[in-house]
Amino acid sequence: KAGVTQTPRYLIKTRGQQVTLSCSPISGHRSVSWYQQTPGQGLQFLFEYFSETQRNKGNFPGRFSGRQFSNSRSEMNVSTLELGDSALYLCASSLVSYHEQYFGPGTRLTVT
Amino acid sequence: TQLLEQSPQFLSIQEGENLTVYCNSSSVFSSLQWYRQEPGEGPVLLVTVVTGGEVKKLKRLTFQFGDARKDSSLHITAAQPGDTGLYLCAGAPLGNTGKLIFGQGTTLQVKP
């Protein structure tokens, strides 16, 4: 069974731009969660989607948004990028919400 | 605010030594998971503990869930360089859905 895939793996953007990251979950998994990981803050929860509906949201500004498609694939968007948005963005899928999470390799975003 | 505190944050030991990592909270969790993350990759699930007092073993790794389901520990016997990585605990709070709470992580370096 194929694992969670994320594209792109690396991304360099400048301040003020926007970015869209993509995640394909494990086949059959309907829950997709997004996390931001930085050395200072650790792994922080962004949001979780289940069957195309956002079920939980972390404490991030409205510049961070996401969506899930009918095939469970998910995208997250960050608008008006700031230097502090530089991080590893991880997507994880699971059968059931907050159940065992299977993580993708992440997208390393650098904002200059 | 539900928090999971991990200790120690950093650990550098010689091959063959034993170590214990702790994950503590004032909140009760319905389950707790341990992950290991290697540089440039996403976290990989090691184990899930569900019952208070539960002990699970994975080769040289022993995981324990506290009786009150507020804390957990990971003990590694005879550490090897291949154990090097970031260890993360994550809890599913009682009554919450879709949101795992992650600890800050313990960076382990095992020197040959």
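Bear in mind that the values here come from a model prediction, so they are computed numbers and not experimental data. (Residues numbered from 1 in each chain as written. Chains lettered and ligands numbered in written order. Predicted model: local features only at pLDDT ≥ 70, side-chain atom pairs only at ≥ 80, totals over all residues. Heavy atoms only, no water.)

Novice: If you had to explain the interface of chain A and chain B to someone new, which residues and values would you point to?
Specialist: Listed as interface residues are 22 residues of chain A and, on the opposing side, 20 residues of chain B. With both chains or domains summed, chain A and chain B bury close to 1,700 Å², and 53% of this area falls on carbon and sulfur atoms. On the surface where chain A and chain B come into contact, there are zero salt bridges. Of all the secondary-structure elements, those providing two or more residues to the side of chain A that touches chain B are strand S4 (31-38), strand S5 (42-50), strand S6 (53-57) and strand S9 (87-94) of chain A. (Contact = heavy atoms within 4.5 Å. Buried area = accessible area lost by both parts, 1.4 Å probe. Salt bridge = Lys/Arg side-chain N within 4 Å of Asp/Glu carboxyl O. Helix = DSSP H or I, 4+ residues; strand = E, 2+ residues; numbered from the N terminus.)

Novice: Give a description of the state of the cysteines that names residues and reports values.
Specialist: Working definition: the covalent bond between the sulfur atoms of two cysteines is a disulfide. Residue and element names in this part refer to chain B. Counted under the stated rule, the structure contains two disulfides over all chains. Note that Cys23 is cross-linked by a disulfide to Cys89, the S-S spacing being 2.0 Å. Because the torsion about its S-S bond is 75°, the bridge between Cys23 and Cys89 counts as right-handed. In this pair, Cys23 is assigned in strand S3 (residues 19-24) and Cys89 in strand S9 (residues 85-93), connecting sequence segments 66 residues apart. Residue Cys23 shares its accessibility class with Cys89, and that shared class is buried. (Disulfide = S-S within 2.5 Å. Buried < 20%, exposed > 50% of the residue type's maximum accessible area, 1.4 Å probe, protein only.)

Novice: I'd love a proper account of the sheet that holds strand S1 (residues 5-7) of chain A, names of residues and values included.
Specialist: In sheet architecture, strand pairing relies on hydrogen bonds along the backbone and comes in two forms, parallel and antiparallel. Residue and element names in this part refer to chain A. An order of S1-S3-S8-S7 is seen for the four strands of this open sheet, with the pairing classed as antiparallel. Here the strands that pair on one side only, and so sit at the sheet edges, are S1 and strand S7 (64-68). Ignoring which end each strand starts from, the neighbouring axes of this sheet average 20° apart. (Pairing = 2+ DSSP bridges. Axes fitted to C-alpha atoms, helices over the stretch in contact; angles between N-to-C directions.)

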